[in-house]
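# Inside the fold
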Amino acid sequence: MRKRFLVSVSACAVLAAGTLSACSDDSGSGSGSGSDGNKKAKIGVILPDSKTSGRWENNDRKYLTDAFKAAGVDYDIQNAQGDKSQFQTLADQMITNGATVLVIVNLDSGTGKAVLDKAKSQGVATIDYDRLTLGGSAQYYVSFDNVKVGTLMGQGIEKCLSAANAQKPTIAMLNGSATDNNATLLKQGYDAVLKAKFDSGEYIKGPDQAVPEWNNTEGANMFEQMLTQSPNISGVVAANDGLGNAAISILKKQKLNGKVPVTGQDAETTALQNILAGDQCMTVYKAIKKEADAVAGLAVALAKGEKPAVPAVVRDPEGKRDVPSVLLEPVPIYKENVKDVIADGYVTKETLCTGAYAAKCTEAGIS
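We now turn to the structure provided with this report. (Residues numbered from 1 in each chain as written. Predicted model: local features only at pLDDT ≥ 70, side-chain atom pairs only at ≥ 80, totals over all residues. Heavy atoms only, no water.)

## Re the state of the cysteines
The condition is simple: Two cysteine sulfurs form what is called a disulfide whenever their separation falls within 2.5 Å. Here a strand is any run of E in DSSP of at least two residues, a helix any run of H or I of at least four, and the numbering for each starts at the N terminus. Using a 1.4 Å probe on the protein chains alone, a residue whose accessible area is under 20% of its type maximum counts as buried, one over 50% counts as exposed, and one in between counts as partly exposed.
Enumeration over the complete set of coordinates arrives at two disulfides. The partner cysteine of C160 in its disulfide is C281, sulfur to sulfur 2.0 Å. With the S-S bond torsion at 80 degrees, the cross-link from C160 to C281 turns out right-handed. With C160 in helix α4 (residues 146–163) and C281 in the loop between α8 (269–277) and β10 (283–285), this residue pair connects regions lying 121 residues apart in the sequence. Neither residue differs from the other here; C160 and C281 are each classed as buried. One disulfide in the model links C353 with C361; its S-S distance is 2.0 Å. Taking the sign of the S-S torsion, -95 degrees for the link of C353 and C361, the bridge is left-handed. Of the two residues examined, C353 and C361, each falls in the buried class.

## Some details on empty space enclosed by the protein
Stated formally: Points on a 1 Å grid over protein atoms alone make up a cavity when a 1.4 Å probe fits among them but cannot get out, and a pocket when they form an open set with protein on both sides within 12 Å along at least five of seven lines; lining residues each have an atom within 4 Å of a point. Grid points are joined across faces, edges and corners, and a volume is the space filled by probe spheres set on the points. Classes in brief: Ala, Val, Leu, Ile, Met, Phe, Trp, Tyr, Cys and Pro nonpolar; Asp, Glu, Lys and Arg charged; the others, Gly included, polar.
Throughout the structure, instances matching the rule amount to one cavity of 30 Å³ or more. Lining the largest cavity are 15 residues, and of these D130, R131, W214, Q265 and D266 sit closest to its centre. When residues of the lining of the largest cavity are traced back to their parent elements, those giving at least two are α1 (55–71) and α5 (181–200). Here the residues of the lining of the largest cavity are counted per class, giving three nonpolar, six polar and six charged.

## What about the packing of aromatic side chains?
We apply this condition: Working definition: rings of Phe, Tyr and Trp (its six-membered ring) pair if their centres are within 6.5 Å, and the pair is stacked with planes under 30 degrees apart, edge-to-face with planes over 60 apart, and tilted otherwise. Throughout this description, the term charge over a ring refers to an Arg CZ or Lys NZ atom that lies within 6 Å of the ring centre and within 35 degrees of the ring normal.
Overall, the coordinates contain two aromatic pairs when judged by the stated rule. The ring centre of W56 lies 4.0 Å from the NZ or CZ of R55, which sits over that ring. Above the ring of Y334, the side-chain terminus of K159 is found at 3.8 Å from the ring centroid.

Structure representation (structure tokens):
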């Protein structure tokens, strides 16, 4: 069970809005001392992969780089590319090379815990970024409200099925990795929305499976099997845009794309194009720049030996502790407000509105 409540908020709460200066000075020299007073501040960041979601390399790396440069600190951003051994190796190298703060997006809680615990034993401050490491020892957690993301997805599939006047639709669930706490929280959100529909018989609960490591190829194979076993599937709750696109690729083979609503989250360019084309019901936009700026602000503060206050806590059920957290608000995206993602600078019109999508963009009021 996930627990969140407000705690006292200092000026550092503006981290939630992505402001770096709230908990750090303006020296920008990169020569600030670490928590032991004599180490040079250096921040290490380990991203998880580049296959399950384009955000890590296309967005997070850029925003983190910009934030650290603006703060004038040394930094090292690496990507484990889905390899748990490489994840641990990168962490060891960063610690050996003098990192005073380590920010991780874990591949699973077991690997993440081992890395966090070693960092702690070496006096390195730690932050969980985007994914909470269950049983871990991170001093802070920065993410979006993932139960809210799942709730928006559940509400999205309801909205799209209602618009299609679907009668007793069978809903398939293509969940995220069973080893990722975010996937658990997402499912908690959409399950809570859909339970009443299933209980009343208004909806029929169809296949419900977790996709190992969020692998999109595996997700497509699993959904193809789902559709073979339950050819009357009329709605798909896919836990992110990659899995949503995987499901859509199978629906296209059966000429069912556009007829079976599919959800997602991350507001990837492909997903936005799928929405414009009518093949995807909705996605959930998470303003990654705000998340990256928030974690960078915390990391800079920790590197300078500060202990910033943050506006919330999240309960770690395995570690039985409350983790000080920054949780940002997600936004549902449908065809009518795809333009809002462009307005926020997350994608450009030039990238989105290419080829056949140019006319779709015009139809959606993207000018």
